[in-house]
Amino acid sequence: MIATQAGAAERKPSPVERLSICGLTKVFGGNRALDAVDFEVASGEIHGLLGQNGSGKSTLIKILSGFYAPDAGSISIDGHPIPLPMPMGRHEAMGLAFVHQNLGLYPDGTVLENLIAGDHGRLNSWRIDWRQEAARARALFATFKLDLKPNDLVETLSPVLRAQLAIVRAADRIQHGNDTGSAILVLDEPTPFLPMDDVQALFSMMRQLAATGVSIIFVSHDIDEIIDVTDRATVLRDGKTIGSFDTASMSRPQIVEMIVGHALKTDRTAGDTVKTDVNANVVTSSVCGRLIQNLSFEVKPGEILGLTGLIGSGYDEVPYLLNGSTTARTGSLVVRGNTFDLGTVTPARSMKAGVVLIPADRQITGIVPELTLLENVSLPVLGNHERPGYINHKKLRDNADRLLKHFKVKAEGPDQQAGDLSGGNQQKIVLAKWLQLNPVLVLLDEPTQGIDVGARAEIYDFLNTLCAGGASVICATSEFEQLEAIAHRVLVFDRGQVTVELKDGDVTKSNIAKACYLKATTTNAQN
């Protein structure tokens, strides 16, 4: 049992919290997206916000930013009530700034242009002194030890530098450009697309900001990140506040139980050891790509093969080479006896051979957000009709209804737009879209990125059921814990080549990390 539902760990609040939310309620139709939510953040505190997809986190943030008007409740900053709804475009004047997952940067612009874009309250409306602004930018970047140069194009920056630019821009606006003297920075899942080292660099910057008195609300599905960087955290479930707690006082299983409402198994979910005496479903030979060099391996029926390594090691290139989305320089793929030249194969040919790809970026390459769920899941099967040119709409709708139910998609129905769903439910739609084809080989790239622990467990179950039917799975991911849970075998990559292979009981988070980092350390020392 969690210590208390109102607050998992007792804490004496400061006389005036930096941000105080009381009884916040938002209703859409008959659905209470927020149900009398209470939420407090202290000055200079890094406060985690946790909850499953659909728990109400996004609705809460949209009310804070003025995108939604609440139906009930109050918000105060440093003890001063804030008029609701929050005036659109005025949240910075109230001391609130937001950095979302897409960061809100202009890739074609320079670092300086992005830094000052929209800073109307400070800049001269007739003329910008670019030399002065560049000097100001360099001083700002030096404060946080950021390797940013004013004239660099944003499109040339690494992912972590882009995230740091977005955060320092938001922090600068609220620290020096608001009417209240307060500073509350909301970071809405800024880390899913960052490797581990870059996440730590981001956390260092967050701690620097908090040390200056900035209050930070950090939204993440990664419980380890919450434990690492936050002082306190609050859990939402079904639109209600389940509890707040001092992070140091809670264990990971306790936090998981608060999020999903019950204990979850953390043991390996991988099925029985794959038989070695059966013929392989999949054989790759001499595959070379941009980073990958001379890669060959086999995958047995019912096997989940994990691919991992440090950033730049090339493991995440493999699914796209095997699917034909990225053209290989050399190499072949054999799927149940059918051989494909990876220099000429296309995704369409791969699909016909029973090879499907679940890409990492579901918003861009996994779904079409503007189309309905019915239209999204129907895309791969539109050609499967009795007569050419004829579409059986009833058959497609019945199929969509079946898939939504089977994959436990929380949605209003098949006519809802895919872009309206939470990240976890969008990923279930991507899985439904491709797994309905009963594939021989499923290629996964970061399949649970930005997805809550409950949805992750359901996705693992889908994969195990698929393997029980004789399919093979290749999963490329930087999440070592995920591989420990689902993989029968793991190939660890360094500089485009496999350096370590782990099997069965040796597939543990610590062993995978050791294989990645010790090899990297050894290589760097030799260089």
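Below, the structure is looked at part by part. The structure presented is a predicted model; accordingly, all values stated were derived computationally and were not measured.

1. Structural notes on the overall build of the protein
And step 1. On a plain count of helices and strands, the protein comes out with 16 helices and 20 strands.
And step 2. Contacts spanning at least 24 positions in sequence make up 68% of the contacts within the protein whose residues lie at least 6 apart.
And step 3. Carbon and sulfur atoms provide 51% of the accessible area of the protein, an area that totals close to 23,900 Å².

2. Side note on the environment of Asp401
And step 1. Mapped onto the secondary structure, Asp401 falls in helix α12 (residues 393-406).
And step 2. Its relative accessible area of 37% is what places Asp401 among the partly exposed residues.
And step 3. On a C-alpha basis, the gap between Asp401 and Leu374 in space is 8.2 Å, while along the polypeptide they are 27 residues apart.

3. Focus on the pattern of salt bridges
One side chain can pair with another of opposite charge once the charged atoms of both are near each other.
And step 1. Scanning all chains against the criterion turns up 17 salt bridges.
And step 2. Notably, a salt bridge pairs Asp172 with Arg136, separated by 2.8 Å at the nearest N-O pair. You can see Asp172 sitting in helix α4 (residues 159-176) and its partner Arg136 sitting in helix α3 (residues 130-143), a full 36 residues away along the chain.
And step 3. Judged by relative accessible area, which is 24%, Arg136 ranks as partly exposed.
And step 4. With its nearest N and O atoms 3.5 Å apart, the salt bridge here joins Lys509 to Glu481. With Lys509 in helix α16 (residues 509-526) and Glu481 in helix α15 (residues 480-486), this residue pair connects regions lying 28 residues apart in the sequence.
And step 5. Taking relative accessible area as the criterion, Lys509 reaches 35% and is therefore assigned partly exposed.
And step 6. Connected through salt bridges with shared partners, the residues Asp224, Arg252, Glu481 and Lys509 form a single ionic network.

4. Remarks on the pairing of strand β8 (residues 215-219)
And step 1. With five of five residues buried, β8 lies mostly within the body of the structure.
And step 2. What you see with β8 is no split at all: Ser215, Ile217 and Val219 on one side and Ile216 and Phe218 on the other are buried throughout.
And step 3. Summarising the sheet, strand β3 (residues 46-50) and β8 pair through four bridges and their orientation is parallel. Pairing of Ile46 across the sheet is with Ile216, part of β8.

About the cut-offs
Residues numbered from 1 in each chain as written. Predicted model: local features only at pLDDT ≥ 70, side-chain atom pairs only at ≥ 80, totals over all residues. Heavy atoms only, no water. Helix = DSSP H or I, 4+ residues; strand = E, 2+ residues; numbered from the N terminus. Contact = heavy atoms within 4.5 Å. Areas by Shrake-Rupley, 256 points an atom, 1.4 Å probe, with all protein chains shown as cover. Buried < 20%, exposed > 50% of the residue type's maximum accessible area, 1.4 Å probe, protein only. Salt bridge = Lys/Arg side-chain N within 4 Å of Asp/Glu carboxyl O. Pairing = 2+ DSSP bridges.

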